[in-house]
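Understanding the architecture of this molecule
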Amino acid sequence: QPKDKDEQGNPIVPVPKAEILWNLDKAKTQDCIVLVEGIFDAWAVGPRGVATLGKALTDQQTVLLAQAGKPVIIFRDNTGVKGYELARTAKKLAGWEIPTWIAKLPERFKDPGQVAQRDENHEQAIEEYIRKSVEPMTDSLIFRLAGMR
């Protein structure tokens with residue numbers, strides 16, 4: 001039984017973060033969704049930014065992205081992200097036939113949120129990083145990310 005209550009006295013039942021994509025409601029009104037890890041990263045990206053609230057994309061989150069019906073750009077942190085993690089995310093999206101691209105953050109930044117800390121025009125800077133590095137997700141790229149080729 002939940003202990004916390006809202007202003008009206010109704011119990012507050014927490015939703016597991018595996019079932020949430022932060023900012024999806026706003027992002028699905030944009031031309032595409034930029035998938036990042038954390039809330040501050042999504043904020044730094046702007047209205048297209050959607051946070052998974054962790055490194056892994058869950059099955060429930062994948063369904064939410066499929067229901068949004070928008071192309072997805074995977075734009076992950078530089079901290080500890082391995083190629084196989086990107087490949088696993090890409091394979092999940094491909095399983096739902098979601099058009100997917102991957103973009104890289106310059107190595108000098110640990111995550112998109114750090115761009116916001118260093119540049120007051122962070123949305124434009126991030127847009128430029130995405131534009132310069134975006135690559136369509138193909139089977140050969142998935143294999144390369146996973147270290148299989």
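Details of the structure are given in the entry above.
Below you will find a few notes about this structure. Note that the coordinates shown come from a computational prediction; the quantities given were computed from them, not determined experimentally.

**So, the nonpolar core**
- Counting residues in hydrophobic clusters, the biggest one holds 18 residues, and the most contacted among them are Val 34, Val 36, Phe 75, Val 115, Ile 126, Tyr 129 and Ile 130.
- Take this core: its biggest share by element is four residues, from helix H6 (residues 122-133).
- Residues contacting Val 36, with those up to four places away along its chain left out, are Asp 41, Ala 42, Val 45, Val 50, Ala 51, Thr 52, Phe 75, Arg 76 and Pro 112.
- Core analysis: the second largest hydrophobic core is formed by 17 residues, Ala 27, Leu 35, Leu 86 and Ala 90 among them.

**Here we look at helix H4 (residues 83-95)**
- Its 13 residues place the ends of H4 18 Å apart at the C-alpha level, agreeing with the 18 Å of an ideal helix rising 1.5 Å per residue.
- When we look at burial in H4, the residues that qualify are Glu 85, Leu 86, Ala 87, Thr 89, Ala 90 and Leu 93.
- After H4 finishes, the residue Glu 97 shows a positive phi value of roughly 55°.

**Let's talk about the environment of Val 115**
- Relative to the helices and strands, Val 115 is located in helix H5 (residues 112-118).
- Overall, the relative accessible area of 1% leaves Val 115 in the buried class.

**Concerning the pairing of strand E1 (residues 33-36)**
- Here E1 shows a buried face lined by Ile 33 and Leu 35 and a second buried face lined by Val 34 and Val 36.
- Here three bridges tie E1 to strand E3 (residues 72-74), and the two strands are oriented parallel to one another. Bridge pairing links Val 34 to Ile 73 in E3.
- Read from E1 through helix H2 (residues 39-45) to strand E2 (residues 49-51), the crossover connection turns out right-handed.

Reading guide: rules and limits
- Residues numbered from 1 in each chain as written.
- Predicted model: local features only at pLDDT ≥ 70, side-chain atom pairs only at ≥ 80, totals over all residues.
- Heavy atoms only, no water.
- Core = buried A, V, L, I, M, F, W, Y, C linked by side-chain atoms within 4.5 Å.
- Buried < 20%, exposed > 50% of the residue type's maximum accessible area, 1.4 Å probe, protein only.
- Helix = DSSP H or I, 4+ residues; strand = E, 2+ residues; numbered from the N terminus.
- Contact = heavy atoms within 4.5 Å.
- Expected span 1.5 Å × (residues − 1).
- Pairing = 2+ DSSP bridges.
- Right-handed = clockwise from strand over helix to strand, strands pointing away.

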